[in-house]
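Per-entry structural report
Spelled out, the chains give:
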Amino acid sequence: MNFFRGVMGGQAAGPQPSGAETIQKLCDRVASSTLLEDRRDAVRALKSLSKKYRLEVGMQAMDHLINILQTDRSDSEILGYALDTLYNIICNDEEEEQDEATQKQADDLGAKFTEAFIQEHEHITLILTLLEEFDFHVRWPGVKLLTALLKSQCVQVQSIILVSPMGVSRLMDLLADSREVIRNDGLLLLQQLTKGNAAIQKIVAFENAFERLLDIITEEGSSDGGIVVEDCLLLLLNLLKNNSSNQNFFKEGSFIQRMRPWFEVGDDNSGWSAQKVTNLHLMLQLVRVMVSPVNSPGATASCQKSMFQCGLLQQLCTILMATGVPADILTETINTVSEVIRGSQVNQDYFASVNAPSNPPRPAIVVLLMSMVNERQPFVLRCAVLYCFQCFLYKNQKGQGEIVATLLPSTIDANCISAGQLLCGGLFSADSLSNWCAAVALAHALQDNLTQKEQLLRVQLATSLGKPPVSLLQQCTNILSQGDKISRRGSKVQTRVGLLMLLCTWINNCPIAVTHFLHNQENVPFLTAQISENLGEDERLVQGLCALLLGICIYYNDNSLENYTKEKLKQLIEKRIGKENFVEKLGFITKHELYSRAAQKPQPVFPSPEQMLFDHEFTKLVKELEGVITKAVHKSSEEEKKEEEVKKTLEQHDNIVTQYKELIREQDAKIQELKEQMATMTSQNEEMQTTMAQQLSQIQQHKDQYNILKLKLGKENQSQANSLQGDGSQVNGMQTEEVSQLREEMEELRSQHALLQTQLSHKETLIHTLRSEGSEPTEGTTGGSDNTELLKELELLRSQVQSQSAEISQLKTDNQTLLRRAETGSSDTDMRGDASVNASTMAELESRLAAQTSETERLKEEVRGLTEGRAQLEQQVASATSSVAILQTEKAKLQTELQESKKEQDDLLMLLADQDQKILSLKERLKHLGEMVEDEDDLDTRDQTDEDDEEDEDEDED
């Protein structure tokens, strides 16, 4: 105990032991003590000394501590002390501020102890096994120790864990631990584990890491969460970056849809904590990883489609147009939107329709371009806007046409600012960075689009009052060629490089634009003068671009201008510049230090505005044109003629080859068709052969069966010859009884037939009666009841006929059976040779059967006639029913008309009565007024008097 008092700080007499001696004694105690308590106290003492005496503890106690981990597995306390001690000697203390030399020495010491620890792979496996312990004092130190080992020797520890059985799965269980400190340190452990190792990244992803990490991010509050959300996002970036397999798994697992709520930003954007900015920045990087231009085109397009369908792109555009968003978040959002829409027509169309929440609303593209050409905006923001505009126009001919259309005279709207006006304003502003950005943006509107290159030639600019407008191409070349403009703007290398890149992109593969460019008499002398001069280092890039522009004028020249044909331009180069000097100046472009940086990726990333000289798409153009321009300059006119002849010959050969290819294609189609027909006929032939073989085998089987049956019948005839002689009378007797039974049935059928005839005659009388009554229908009910009774009787008759037909069929069957029996009896009789007895019997039987058959046929005819009569009767009943219905309809119609006539007559009588009443009232009024009114009775009397007077006059005359 005195020993431990000295170690733990107790005062003892005599000289104090050194740290190394104390550690040595503690190590001996750990190795030799038999009591667990003594070993535990010794390990606790080593832990307390491990930070101060890191080297001594590591050198002397590491083996003993590893032995403790292997032997004392039952005591969690001593395991925790041992793990903490190992962590202290391996991990570098990051909390203490140390100078560079001390920190480097500590790092070397940690790497040294890590190498010593991992020399035996079983030590890592041992720690992985201890991580399965649920005890906090064992699991947490184990997580920290393994994290420290990964930080020190990442690749070696990763390879050991990768080959360890269930190694990664044990570490994934840490994310499910309910204790947050272990879960959070587990996230740090997995971050170190997944760095730069695609195999481990795949295993972690397939261990349901995406689901668990997204759940943790949601539980912690998404972008408003703390450092835990940041750790989850860093782990997700490790799993997805440069790992196409995990990216595909993330997309197919519908995890992109779960990213959308991360970007739901409220209206109040005033309070953005530093942690929220960090989290949202990492979330935007995670989106960019899924749609990065370095990914395969198919995977990128699929992710872009999912982001549009789930509304993620719409949410990003909302942040883009929101107010109060921090500048770095806004810049990263612009870059993210750029890559989400790059090369996706649907996403590009949606982005073109987005409007800023201003009054009046402006397109988002216009608002972004206003920021790009504004020199007061941050440099990184202007670069992001340029990248967004480039991605919007990438493989988007529709968008290119819309941008160019805003510059054309017929579509310019003076009341609103358009994208074309902003680009022109930036192209000719005093800010060189705005010149460069506008030139590159306009060049992307012409990239691989011959139609828009020709359309842009129509653009006219008003330079100053009183002067005629000039074309945009003319203005660009004027800025480069005129001395006063160069001194004011073009002297800046950035502006001149931007304009030269625009002109090279514009006239490339466009002979009409080349002709327009050469039509200005000042352009070619300016280019040759620039190339031939010996300028400084900064001007070499401009010389190379001038050489590239002149080379494009040679290569795409259609010889429409007599003064500037291909041959004359080559002669001009040879006389004033020299071919070798021209090619050397052309090579200055690719040798520039900023050229390779711009060629690496599409996004323009520059440390300062002065280094912003090359565009990514333009580097592709230079790489494509440098070789062909060099060959075009070195070729003579004779070689060009030969090449033209060769081209014509090759075109003729190509036409001939094309014709032969078409002929061969047709022949191949015919051959293929004939092969298919041949295959079909072959299969049919095989089927026929198989069928014939089957039929032959069946015929042979039938022949064998026939022979066997023939032999059997011969034997049976001989054996039955004696027995059938005594049994013939019995058979004939049975047949006689059956014939008598058939006669009785025939008599019964005749009586039924007579009954049916009687019923038919009765029905016919009923039908005649119905017809006679139907001609003058009085009451519908009587006719209806007769029809009902008639239909019932017809149904009864139908059932009787059906039963009669069934009995006739049964009789026919019995007749056939009897015939077969008779034939059998006759053959047997012939075999017996008793012709005298059976011949007469068979003859009589045959005559009876013939009579019965004729009677049956007659009955069939009668039944057939009954059936036809029944059908006719049904037709007559139907006709009578329809006649009754028609007569009833006419009767109802006449009754209706009669009622209407009576009603009209009553109305007329009412009107007459009213008229008489009015006449009487008028007469009374006339009388009251003193007028002489004659009544109808007076008129009648006067008429009679006049007639009498006339008669008297006639008599007098006589």
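Everything quoted here is computed from the prediction, not taken from an experiment. Within each chain, residues carry numbers counting from 1 in the order of the written sequence. Thresholds applied to this predicted model are a pLDDT of at least 70 for local features of residues and 80 or more for the giving and counting of side-chain atom pairs; totals over whole chains, interfaces and linings are not thresholded and use all residues. Note that the side-chain values use all heavy atoms of the structure and ignore hydrogens as well as water.

**Things to note about the overall build of the protein chain**
A tally of helices and strands in the protein chain yields 41 helices and four strands. Split into buried and exposed, the 958 residues of the protein chain put 41% on the buried side. Only heavy atoms enter the contact rule, under which two residues are in contact if any of them lie within 4.5 Å. Of the contacts made within the protein chain by residues no fewer than 6 positions apart, 71% connect residues no fewer than 24 positions apart. Roughly 53,300 Å² of accessible area belongs to the protein chain as shown, and the carbon and sulfur atoms make up 51% of that amount. Each helix corresponds to a stretch of at least 4 residues labelled H or I by DSSP, and each strand to a stretch of at least 2 residues labelled E; elements are numbered beginning at the N terminus. For every residue, the accessible area (1.4 Å probe, protein chains only) is compared with the maximum for its type, and the residue is labelled buried under 20%, exposed over 50%, or partly exposed between those bounds. Accessibility throughout is a Shrake-Rupley quantity obtained with a 1.4 Å probe, and a residue counts as covered only by protein chains that appear here.

**Examining a negative patch on the surface**
Distance thresholds for patches are 9 Å for like charges and 5 Å for nonpolar side chains (Val, Leu, Ile, Met, Phe, Trp, Tyr), applied to residues having over 30% relative accessible area and no salt bridge. A pair is scored as a salt bridge if a Lys or Arg side-chain nitrogen falls within 4 Å of a carboxyl oxygen belonging to Asp or Glu. For the purpose of counting charges, residues Lys and Arg are taken to be positive, whereas Asp and Glu are taken to be negative. His and the chain ends are not included. By convention, charge coordinates are those of NZ in Lys, CZ in Arg, CG in Asp, or CD in Glu. Judged by side-chain charge, Glu 897, Glu 900, Glu 904, Asp 906 and Asp 907 come together as a negatively charged surface patch. Checked against the element boundaries, Asp 906 lands in helix α40 (residues 835-929). Accessibility expressed as a relative area gives 45% for Asp 906, which makes it partly exposed.

**Side note on unusual backbone geometry**
Note on backbone geometry: most residues besides glycine have negative phi, and most peptide bonds are trans. The residue Ser 222 is not glycine, and still its phi comes out positive at about 55°. Among the secondary structure elements, Ser 222 is positioned in the loop between α13 (209-219) and α14 (227-240). A relative accessible area of 15% means that Ser 222 is categorised as buried. Within the chain, Asn 242 stands out as a residue other than glycine whose phi angle is a positive 60°. Along the chain, Asn 242 turns up in the loop between α14 and α15 (244-252).

**A few points about a nonpolar patch on the surface**
There is a patch of nonpolar side chains on the surface, built from Ile 656, Tyr 660, Leu 663 and Ile 664 and spanning about 380 Å² of accessible area. Locating Ile 664 in the fold gives a position in helix α38 (residues 637-774).

**Comments concerning the environment of Met 290**
Topologically, Met 290 is positioned in helix α16 (residues 274-290). Apart from the residues within four sequence positions on either side, Met 290 is in contact with Leu 240, Gln 247, Phe 250, Lys 251, Ile 256, Asn 295, Thr 300, Cys 303 and Met 307.

**Considering the pattern of salt bridges**
Tallying each qualifying case throughout the model produces 21 salt bridges. Between Arg 44 and Glu 77 there is a salt bridge; the shortest N-O distance is 3.6 Å. Remark: Glu 77 occurs in helix α5 (residues 76-90) and Arg 44 occurs in helix α3 (residues 36-49); sequence separation between them is 33 residues. Owing to a relative accessible area of 33%, Arg 44 belongs among the partly exposed residues under this scheme. Asp 431 is the partner of Arg 382 in a salt bridge, and the nearest nitrogen-oxygen pair spans 3.0 Å. Placement of the pair is Arg 382 in helix α22 (residues 379-393) and Asp 431 in the loop between α24 (419-427) and α25 (432-445), with a sequence separation of 49 residues. Each member of the pair Arg 382 and Asp 431 is classed as buried. When salt bridges that share partners are traced, they join Arg 40, Asp 41, Arg 44, Asp 75 and Glu 77 into one network.

**Some remarks on the packing of helix α27 (residues 472-481) against helix α29 (residues 493-507)**
Lines fitted to C-alpha atoms define the axes, with helix axes restricted to the stretch in contact, and inter-axis angles between N-to-C directions lie between 0 and 180 degrees. Relative to each other, α27 and α29 sit at 140°, their axes nearing to 10 Å. As summarised for this structure, α27 and α29 are arranged oblique, according to the angle between their axes. Crossing of α27 against α29: the hand is left-handed. Of the residues in α29, those touching α27 at Leu 472, Leu 473, Cys 476, Thr 477, Ile 479 and Leu 480 are Arg 496, Leu 499, Leu 500, Leu 502, Leu 503 and Trp 506. For the contact of α27 with α29, the residue count by class is 10 nonpolar, one polar and one charged. Note that the term roughly parallel is reserved for angles under 35 degrees, roughly antiparallel for angles over 145, roughly perpendicular for angles of 65 to 115, and oblique for everything else. If you view the pair so one helix is near and one far, a crossing is left-handed when the near helix is turned anticlockwise from the far one by less than a right angle, and right-handed when it is turned clockwise. Residue polarity is assigned by list, with Asp, Glu, Lys and Arg as charged and Ala, Val, Leu, Ile, Met, Phe, Trp, Tyr, Cys and Pro as nonpolar; anything else, Gly included, falls into the polar class.

**Comments concerning the confidence of the model for the protein chain**
When pLDDT is averaged along the protein chain, the result is 80, and 75% of the positions lie at 70 or above. How sure the predictor is of each residue is captured by pLDDT, a score from 0 to 100. Ignoring residues within four places in sequence, the model shows residues 1-14, a span with pLDDT below 50, making 12 contacts including any to other chains. Counting contacts from residues 483-491, a segment whose pLDDT is below 50, to residues more than four positions away or on other chains yields 14 contacts.

**Some points on the packing of aromatic side chains**
Each aromatic ring pair is summarised here by two numbers: the centre-to-centre distance and the angle between the ring planes. Side-chain rings of Phe, Tyr and Trp, where Trp is taken by its six-membered ring, are said to pair if the distance between their centres is within 6.5 Å; with planes under 30 degrees apart they count as stacked, over 60 as edge-to-face, and otherwise as tilted. Within the structure shown, the criterion is met by 11 aromatic pairs. Measuring from centroid to centroid gives 5.8 Å for Phe 308 and Tyr 350, while their planes differ by 65°, and the two rings are edge-to-face. Within this pair, whereas Phe 308 is found in helix α17 (residues 297-309), its partner Tyr 350 is found in helix α20 (residues 345-353), the two being separated by 42 residues in sequence. Looking at Phe 308, the relative accessible area reads 24%, which means it is partly exposed.

**Considerations on the state of the cysteines**
Two cysteine sulfur atoms form a disulfide, by the criterion used here, when they sit within 2.5 Å. According to the stated counting rule, one finds zero disulfides in the structure shown. For Cys 553, which is in no disulfide, the shortest distance to another cysteine sulfur is to Cys 504 and amounts to 8.4 Å.

**With respect to the packing of helix α18 (residues 312-321) against helix α19 (residues 327-341)**
It is at 9 Å that the axes of α18 and α19 come closest, and there the two elements cross at 145°. Regarding α18 and α19, the two cross each other, and that crossing is left-handed. Contacts between α18 and α19 involve Leu 313, Leu 316, Ile 319 and Leu 320 from the first element and Leu 330, Thr 333, Ile 334, Thr 336, Val 337, Val 340 and Ile 341 from the second. For the contact of α18 with α19, the per-class residue count stands at nine nonpolar, two polar and no charged.

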